[in-house]
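The residues making up each chain are set out below.
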Amino acid sequence: MKNPNYNTLVERFVFYVLLFGSVLFLPWWVFFIIAIVALYRLDTFYELILFGIFADSIYATETKSVFGGYTYVYSVVSILLVFLARTLRQRIGF
Amino acid sequence: MKTNYLKRNRRTHIARLRITLGLVILVLFVVATFVIPMPSFISRIGLAIATPALVVGKYVSDASSEGLALLQSKRALIAENRRLDQELRQVSIKLLDRNLLKEENLAIKDALGRSSYEKLVYAPVLTKPSRSPYDVLILDGGYLDGISVDDQVLSSESSIIGKIVESGRHVSRARLFSTSGVATPVVIAPLNIETEAIGRGNGNFEIKISRDLEVEIGDEIQVPGLSPKLFGIVEDIYVSPTDSLQTLLFKSPVNMAELGFVFIVTEEDEESEL
C-alpha cells in the first residue's frame, strides 16, 4: 500500500535538490525564492535552516564592509523565514 | 462523543508564547553568532560537501558550451575563426614587445641586486561572485597545491583581482578586491598618485581624489610592489562643480562573469643584496 505521505516526501526531496543546486549554481536570490515556495507548499520545513548554514559555510567571509563582517546571513534569513511561515500559517492558515 | 477544546484565550496565550520563544531564540542566535564567527571546521565540512558537485557542475557547463559551439553553422565558425586569427596575430606582436620589455626589466632588477620570481599555480574557478552576496570565488586548488591564506589571485600573469581568505585541502576561497566597501591601496600609474580604490561589487571600483590632479580616461591603476600588478583602467571621471574631489570609476580588466580560471601567486622569492 502506498504511503499517504509519499507525495509530500517526494516534494520535500525535490526541494532539497533545488535548494542544494541553487546554493551552488544559481544567483543567491534564487535560493530564497525556492525557500519561500517550499515553506508555502510544505507544512513544516525546518531543514531550510540546515541549507542556510550550508550556504554560509561555503561562501561566508569576514569582511567588515559586507553585512558588518557577519557570517551567518543565509542562516539567519532561513530561521526568520521558517519562523514567519510558522506564525503566518497559525494566524491565517495558508 | 464529547470533545474538549482549549479555551480561546489559552490557545492565544500558547501561540504568543511560541512567537516570543522563537524571537528570543533568533535574537540569541544572532548575538551569539556576532561574537563567534563561522568556525573553520564548519566551513571545511561545507566545502567538502560542495566540491564534488561544483567540479561536476563545472565539467558539465564546459562540456555543454562546447556542445553548443558544435551547433553553430560552418559559415559562422569560419567568420569567428578569421576574426580570432586576426586578433591572435595582433596580440602576438604585442606580446613579443612585452616579453622583450619584461626580460629587460628583470635584467635591470638583477643588475641592481633586486630580483623577484613568482611561482604561479593554475586554479579553475568553481563558483563566480554572483552566486553569493559575499562576492567570493571558490577555486579548485587548496593547500596541497601550495595555496595558502593571503596569496594573491591573478586573472592573468600581471592583473590582480583578489586574495585567498581560506585554503582547504583541494579547494580554496578568494575574496575579490571589488567586494563592496573594501579599500585597497593602489597607484594611478602615470602620475604615481597613491590612493585607495573602493570596491563596488562584481569587479567595479571607484577612487575619490582631489580634482586638481590631472587624471585621464585610460590611465592605468596598479597595485604597487617590486612587480606592480595591473588593477584596472580608468573608464569614467565625474567632477561636480561644487565638489573639491573627482570620482574615478573603473573595472577589473577581466569580466567576472566570464572568469574561468585564475593564477595564484604561491611564493615570491625576493633576493636583495642592497
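Presented here is an overview of the structure given in this document.

Analysis parameters
Within each chain, residues carry numbers counting from 1 in the order of the written sequence. Working convention: letters from A go to chains and numbers from 1 go to ligands, in the order in which they are written. Local features in a predicted model are, by the rule used here, given only for residues with pLDDT of at least 70; side-chain atom pairs are given and counted only at 80 or more, and totals for whole chains, interfaces and linings are based on all residues. Working from all heavy atoms in the structure, the side-chain values ignore hydrogens and water. By definition in these notes, contact holds between two residues if any of their heavy atoms fall within 4.5 Å. Buried area adds together the accessible area that both of two parts lose upon being put together, with accessible area traced by a 1.4 Å probe. Any pair of nitrogen or oxygen atoms within 3.5 Å is treated as a polar contact; in protein, a donor-acceptor pairing is required on top of that, and neighbouring residues in sequence qualify only through side-chain atoms on both sides. The secondary structure listing takes helices from DSSP runs of H or I that are at least 4 residues long and strands from runs of E that are at least 2 residues long, numbered from the N terminus. Ring geometry is summarised as follows: Phe, Tyr and Trp rings, the Trp one being its six-membered ring, pair when their centres sit within 6.5 Å, and such pairs are stacked at plane angles under 30 degrees, edge-to-face over 60 and tilted between the two. The classification of residues rests on relative accessible area computed with a 1.4 Å probe and restricted to protein chains. Under 20% of the type maximum is buried, over 50% is exposed, and intermediate values are partly exposed.

1. With respect to the interface of chain B and chain A
In step 1: Tallying the contact residues gives 38 residues for chain B and 33 residues for chain A.
In step 2: Interface of chain B and chain A: buried area, both sides summed, is about 3,200 Å²; carbon and sulfur atoms make up 71% of it.
In step 3: Between chain B and chain A we count eight residue pairs in polar contact (both at pLDDT 80 or more) in total.
In step 4: Residue assignment for the side of chain B that touches chain A shows that the elements contributing at least two residues are α1 (8-35), α2 (40-70), β2 (136-140) and β5 (171-176) of chain B.

2. Thoughts on the packing of aromatic side chains
Residue and element names in this part refer to chain A.
In step 1: Following the criterion strictly, the structure yields 17 aromatic pairs over all chains and no others.
In step 2: Geometrically, the ring pair formed by Tyr16 and Phe45 is stacked, given 6.1 Å between the ring centres and 20 degrees between the ring planes. Residue Tyr16 is located in helix α1 (residues 6-25), and its partner Phe45 is located in the loop between α2 (28-41) and α3 (47-59); the two are separated by 29 residues in the primary sequence.
In step 3: Here Tyr16 falls in the partly exposed class, since its relative accessible area comes to 25%.
In step 4: A ring pair is formed by Phe31 and Tyr74, whose centres lie 5.4 Å apart and whose planes are at 80 degrees; its orientation type is edge-to-face. Here the residue Phe31 occupies a position in helix α2, and Tyr74 occupies one in helix α4 (residues 73-92), the gap between them amounting to 43 residues.
In step 5: Given a relative accessible area of 1%, Phe31 falls into the buried group.
In step 6: Following the ring pairs from residue to residue traces out a cluster consisting of Phe15, Tyr16, Phe45 and Phe51.

Purely geometric stuff here, so don't read any function into it on its own.
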